[in-house]
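# Architecture and fold: a report
Read off the chains here:
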Amino acid sequence: MARRLTYASPSWQQRHPNVVWMLLLAPFAVYLLAFFLQPLAVFFAQSVGLPHVSLHNYRQAFGTPTYLKIVWDTLKLSFIVAMGCMLIGYPVAFCLTQARPRWQPLLWAAVLLPFWTSVLVRSYAWIVILRVHGVIDTILQSLHVPFHPRLLYDQAGVVIGMVHVLLPYMVLTLYGVMREIDLRYVRAAQSLGAPPSVAFWRVYLPLSMPGITSGFLVTFILAIGFYITPALLGGGNVQMISMQIAQQIDELVNWGFGSALSVILVAVVVIVVVLFVRLFDVEAFGLGSRREKLPVVVPPAPSVLEAETARLEGAASLQLADAFVGAPPVNARRFARPPANWRWWATMGITAMTCLFLVVPVLIVAAMSFSATSYLAFPPHGFSLRWYAAFFMGQQWMSATSVSLRVAALTAIMSVILGSVAALVFVRGRFPGKSVLYVVALLPLIVPVIVTAVAIYFQFSRLHLVGNVWGFAVADTVLAIPTVVLIVSAALRGVNVSLERAATILGAHPVRAFFAVTLPMIAPALAAGALFGFITSFDESVVALFLSSTTTATLPKVMWDDLRFQVDPTISAISTLLVGMSILVLVVSALLLGRNRGEQRETAAPGA
Amino acid sequence: MHSSQTTRREFLRTASAAAAAAATLSAIRPRVAEAAGQLVITDPGGEWQAAAKEAFYMPYQQATGTGINFAARPSLALGQLKAMVESNNVQWDVTELADYLMFRAGKSGLLEPIKYQGVDTSGVLKDAMMQYGVGVDAYATVMAYSTKKWPAGKGPKTWADFWDVKRFPGRRAMTGIGYGPLEFALLADGVPKDKLYPLDVKRALKKMDEIKPYVSIWWTTGAQQAQLMLDGEVDLIQGWSGRLYSGITQGAPFHMEWNQGMYQWEGWVIPKGAAHAAEAQKFIDFAMQPKQQAIFAEHMPYGPSNQKAFSFIPKERRTVLPTYGPNLEKLFRADAEWLADNLDSLTASWTQWHAG
């Protein structure tokens, strides 16, 4: 033991490892403190500080049943959305683990295309589909169906839109767990006489339970903070708490009360997370679990949800890479031959329907972008490129695109630098308070974006960062950091540390060993992190609403203005361009990651 | 844009441009940001902006040589205004607000008072000249009904008729935003239009209970109103005259009823601490001229505040404008100041009723 430790001369770093780790973490910590925690604290302080120091705002919030009811409605709606995601996401995730290599790219494309598509674009697509004389209505009419369900501007529309946004999160989370399930247990059950249904309910389902609970929690929490989708699809008939907050801030200039509602919203989310972790024993957001998991169910990952969120955020492309490279079928993970009975067909059917559900809105928007008419109509009348011309000739659109590209590039760079160093510290470092800091690092994912937006807005206005490319980039970096941390730390955990140690034994300085050995191995994860930073920023539409100015606005913000004021096919042309870009990014990232996954497998296999 | 205050902003902008160049991901150069501008004016964007550009921005630029840098204001107007003023970083010289928000913002210390000297206001409606803002155009909230259901003139004429679901059965749409259609509920309940304020909220909501089951849609945006008419989603709608008219001109078979409608002003305000407040005042004076307002009214079906504008407006166009004499006498003015003072409780009551 002593011999091994002396492979390099004992240095100051080795004598004070804590200090080194904490110094490395400092830029990240300062950044979050300055641009996230402090603004959040200042904003929350207003809930007791305005109009005068008192609990007036909380008394108002709790004194009138309205706001508690809206909170309750928000929770109910989010619950429905999470349940919906789970019910239709489960068969899809199962199919993904079982599909033959040649089907996998198609399945993954269906799941991931919307994942990379702007939330605004998708809301817009659903308006087109759900409205009267929209796609569904037209189809029902041509089939002479006598009844016309009200879908748009009602809860149904909001649920459909939100499920569409959140489903990929659920599928990826479930997939992450299901692909690790050893099917020999199922076979064992069946060979011992269990009929397929019993084998499923008693063996497979319990084994996939961690995926269900984590997926449910992630979609539920993300749903609670939704703002754009209910505002666009609910048409005033669906009230969510984040919309109330926006109204208080913006129309009533009642910042104290808006802040109190925000505190309540954050408190609710925290309570939900804690309750859920207690009840279902989820290792959510690195908060830890009370009970040891069955070792066979989940490989001993440091934190299930951590890894899962990494999967669902970053490893989305890793999985796709798997699909593109054609991962070798693992006997234990796939049924040798699909049991072609009604269960199998039902699963396939649901999966096919879900894939349609995911992809059709995107295709419809693409079709309508070539319409020759100046209003929305489906099927589109005539063919024309005028709406593409309108985009490329429109000064406002071009300017916003330019701003968005610059902001996204800056965000990608800043978030990958700050996030990667933090990830390194979180994976390798040993110092007190690490787990607390880790949760703080993931906080921007947990705090609803509307709250973050308002807090950051107030702070940035003082710093003259409103309507400024740097302002957007700094704020978007806050939102992108958790994703980068999750992706890079997942990659770092996969790296065999002994390789780096070998380099140091051979005389390399630890820093040099890291750069020469480990960095190339995690380079694809860094690239994925940068891409996610880019997309997070490019698609960010809540903070952008606040931080935009007359001269500097991002693309999602201009689209939002356009959607509220008038709906013409220009926006579908932009949507189609964005989807095209998403596909491009998806393919590029898959190729990047695919190449490395191959290499990693070769190098890692013998050691593991 | 050229005051010493903005040095930091300029610096950051330069720095950001440099960094972006380094990032080499921006192929397109920004154009709007670099546009020469002395006055920064924000407005609701869309068609409104297109009309304002023709009526006010371009003519002012030509008449004075002062550049105007205009852009759509975020839908989050007052929140942004407050943050600007409180952080001493006021970026707008002029913006556009609805009248009750003028009072709301003005009383919160977010606006400069308007000066009414040095401009001929003889033709301007008195109630358009407010302490913190100038009404440039009036919008009316009225009812419209499907002529497929009732021939024009045979449909509901009063809010009591609108509430009468036996005489006028059909699907209804009403406003779901702000504090809802409380004034109309009171009118339907028999309150005379000069005795509406202060609003008896309890009585209004009780009357709302009656119609609630028959309202199939509570609209939240302007664009939605015309779309509902075009799609034939409703038979009766309470909405903004400009939007209803736009639905009718696009082919929706509807008739608009001015009787017992409510009008409100929207117009210019100067944010407190605006960099070019004096120039902003000159622009506002310019925009009050009859000719300018006539051009605006030709593009947007909203009523000019300067009655002299009507001499420049073709006769058939006048009939769709809320402030045209024969229309105006059927309307009543929403008490913007009272609404501003009571907006919190009104909104809370409405939200409670609407969510309940």
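Residues numbered from 1 in each chain as written. Chains lettered and ligands numbered in written order. Predicted model: local features only at pLDDT ≥ 70, side-chain atom pairs only at ≥ 80, totals over all residues. Heavy atoms only, no water.

## Remarks on helix α21 (residues 449–462) of chain A
All names here are of chain A.
- Taking 1.5 Å as the rise per residue, α21 with 14 residues should run 20 Å; its terminal C-alpha atoms sit 20 Å apart, in good agreement.
- Of all the residues in α21, the buried ones are Ile-450, Val-451, Thr-452, Ala-453, Val-454, Ala-455, Ile-456, Tyr-457, Phe-458, Gln-459, Phe-460 and Ser-461.
- His-464 occupies a position one or two residues after α21 and carries a positive phi of about 55°. (Helix = DSSP H or I, 4+ residues; strand = E, 2+ residues; numbered from the N terminus. Expected span 1.5 Å × (residues − 1). Buried < 20%, exposed > 50% of the residue type's maximum accessible area, 1.4 Å probe, protein only.)

## So, the domain arrangement of chain B
Residue and element names in this part refer to chain B.
- Assigned domains within chain B: domain 1 (3–138 + 265–333) and domain 2 (139–263 + 344–355).
- Contacts between the two partners involve 21 residues from domain 1, matched on the other side by 20 residues from domain 2.
- Buried surface at the junction of domain 1 and domain 2, both sides included, amounts to about 1,900 Å², of which 63% is carbon and sulfur.
- Ranking the residues of domain 1 by area buried against domain 2 places Lys-330, Leu-331 and Phe-332 at the top, with a combined share of 38%.
- Applying the counting rule to domain 1 against domain 2 returns one salt bridge.
- The salt bridge partner of Asp-344 is Arg-104, with a shortest N-O separation of 2.8 Å.
- Summed over the shared surface of domain 1 and domain 2, the number is six residue pairs in polar contact (both at pLDDT 80 or more).
- For the side of domain 1 that touches domain 2, the secondary-structure elements that each account for two or more residues are β5 (134–146), β9 (254–271), α13 (325–328) and β11 (332–333).
- Classifying every residue of the side of domain 1 that touches domain 2 by side-chain character gives 11 nonpolar, two polar and eight charged. (Domains from an automatic or database assignment. Contact = heavy atoms within 4.5 Å. Buried area = accessible area lost by both parts, 1.4 Å probe. Salt bridge = Lys/Arg side-chain N within 4 Å of Asp/Glu carboxyl O. Polar contact = N/O pair within 3.5 Å; in protein donor to acceptor, adjacent residues only side chain to side chain. Nonpolar A, V, L, I, M, F, W, Y, C, P; charged D, E, K, R; others polar.)

## Looking at the nonpolar core
- Residues Met-208, Trp-268 and Phe-283 of chain B are the most contacted members of the largest nonpolar core, which totals 296 residues.
- Core analysis: the second largest hydrophobic core is formed by eight residues, Ala-309, Phe-310, Val-320 and Tyr-324 of chain B among them. (Core = buried A, V, L, I, M, F, W, Y, C linked by side-chain atoms within 4.5 Å.)

## Here we look at the packing of helix α11 (residues 196–224) of chain A against helix α14 (residues 255–280) of chain A
Residues and elements named next belong to chain A.
- One way to put it is that α11 packs onto α14 with a least axis distance of 11 Å and a crossing angle of 170°. With respect to their mutual orientation, α11 and α14 come out roughly antiparallel. Contact with α11, carried on its side by Thr-213, Phe-216, Leu-217, Phe-220, Ile-221 and Ile-224, involves Leu-265, Val-269, Val-272, Val-273, Phe-276 and Phe-280 of α14 and no other residues of that element.
- A per-class count over the contact of α11 with α14 returns 11 nonpolar, one polar and no charged. (Axes fitted to C-alpha atoms, helices over the stretch in contact; angles between N-to-C directions. Parallel < 35°, antiparallel > 145°, perpendicular 65-115°, else oblique.)

## Digging into unusual backbone geometry
- Following Tyr-197 of chain B, the chain continues into Pro-198 of chain B via a peptide bond in cis, with omega recorded as -5°.
- With respect to the secondary-structure elements, Pro-198 of chain B resides in the loop between α6 (182–188) and α7 (201–211).
- Of note, His-144 of chain A is a non-glycine position whose phi angle comes to about 55°, a positive value.
- The residue His-144 of chain A is located in the loop between α8 (135–142) and α9 (155–178) in this model.
- Its relative accessible area of 68% is what places His-144 of chain A among the exposed residues.

## Quick look at the environment of Arg-317 of chain B
All names here are of chain B.
- As for its position among the elements, Arg-317 is in helix α12 (residues 315–318).
- On the accessibility criterion, Arg-317 (16% relative accessible area) is buried.
- Taking the C-alpha atoms as reference points, Arg-317 and Gln-307, 10 residues apart in sequence, are found 14 Å from one another.
- Only 3.2 Å separates the side chain of Arg-317 from the backbone oxygen of Glu-298, close enough to count as a polar contact.

## Points about the pattern of salt bridges
- By the definition in use, this model includes 18 salt bridges over all chains.
- A salt bridge links Arg-184 of chain A to Asp-182 of chain A; the nearest nitrogen and oxygen atoms lie 2.5 Å apart.
- On the basis of relative accessible area, Arg-184 of chain A is assigned to the exposed category, the value being 51%.
- Measuring nitrogen to oxygen at the nearest pair gives 3.3 Å for the salt bridge that ties Asp-235 of chain B to Arg-171 of chain B. Here Asp-235 of chain B, found in the loop between α8 (222–230) and β8 (236–240), pairs with Arg-171 of chain B, found in the loop between α5 (159–163) and β6 (172–175); they are 64 residues apart in sequence, far enough to count as distant.
- Accessibility expressed as a relative area gives 9% for Asp-235 of chain B, which makes it buried.
- What you see here is one network of salt bridges that share partners, running through Asp-189, Arg-203, Lys-207 and Glu-210 of chain B.

## Focus on the packing of helix α4 (residues 56–63) of chain A against helix α5 (residues 65–98) of chain A
Residues and elements named next belong to chain A.
- It is at 4 Å that the axes of α4 and α5 come closest, and there the two elements cross at 70°. Considered as vectors, α4 and α5 are oriented roughly perpendicular to each other. Contacts between α4 and α5 pair Gln-60, Ala-61, Phe-62 and Gly-63 from the former with Pro-65, Tyr-67 and Leu-68 from the latter.
- Grouping the amino acids of the contact of α4 with α5 by side-chain chemistry returns five nonpolar, two polar and no charged.

## Observations concerning the packing of aromatic side chains
- Tallying each qualifying case throughout the model produces 45 aromatic pairs over all chains.
- Here the aromatic rings of Tyr-67 of chain A and Phe-257 of chain A are separated by 5.0 Å at their centres, their planes lie at 80°, and the arrangement is edge-to-face. Placement of Tyr-67 of chain A in helix α5 and of Phe-257 of chain A in helix α14 is noted, with a sequence separation of 190 residues between them. For the pair shown, Tyr-67 of chain A and Phe-257 of chain A are each scored as buried.
- A ring pair is formed by Trp-344 of chain A and Trp-345 of chain A, whose centres lie 4.7 Å apart and whose planes are at 80°; its orientation type is edge-to-face.
- The exposed category is assigned to Trp-345 of chain A, whose relative accessible area is 55%.
- Each member of the aromatic cluster is reached from another via a ring pair, and the members are Trp-48, Phe-56, Tyr-57, Tyr-60, Phe-70, Trp-268, Phe-283, Phe-286 and Phe-296 of chain B.
- A cation over an aromatic ring shows up here: Arg-172 of chain B above the ring of Phe-162 of chain B, its NZ or CZ 5.5 Å from the ring centre. (Phe/Tyr/Trp six-rings, centres within 6.5 Å; stacked < 30°, edge-to-face > 60°. Lys NZ or Arg CZ within 6 Å of the ring centre and 35° of its normal.)

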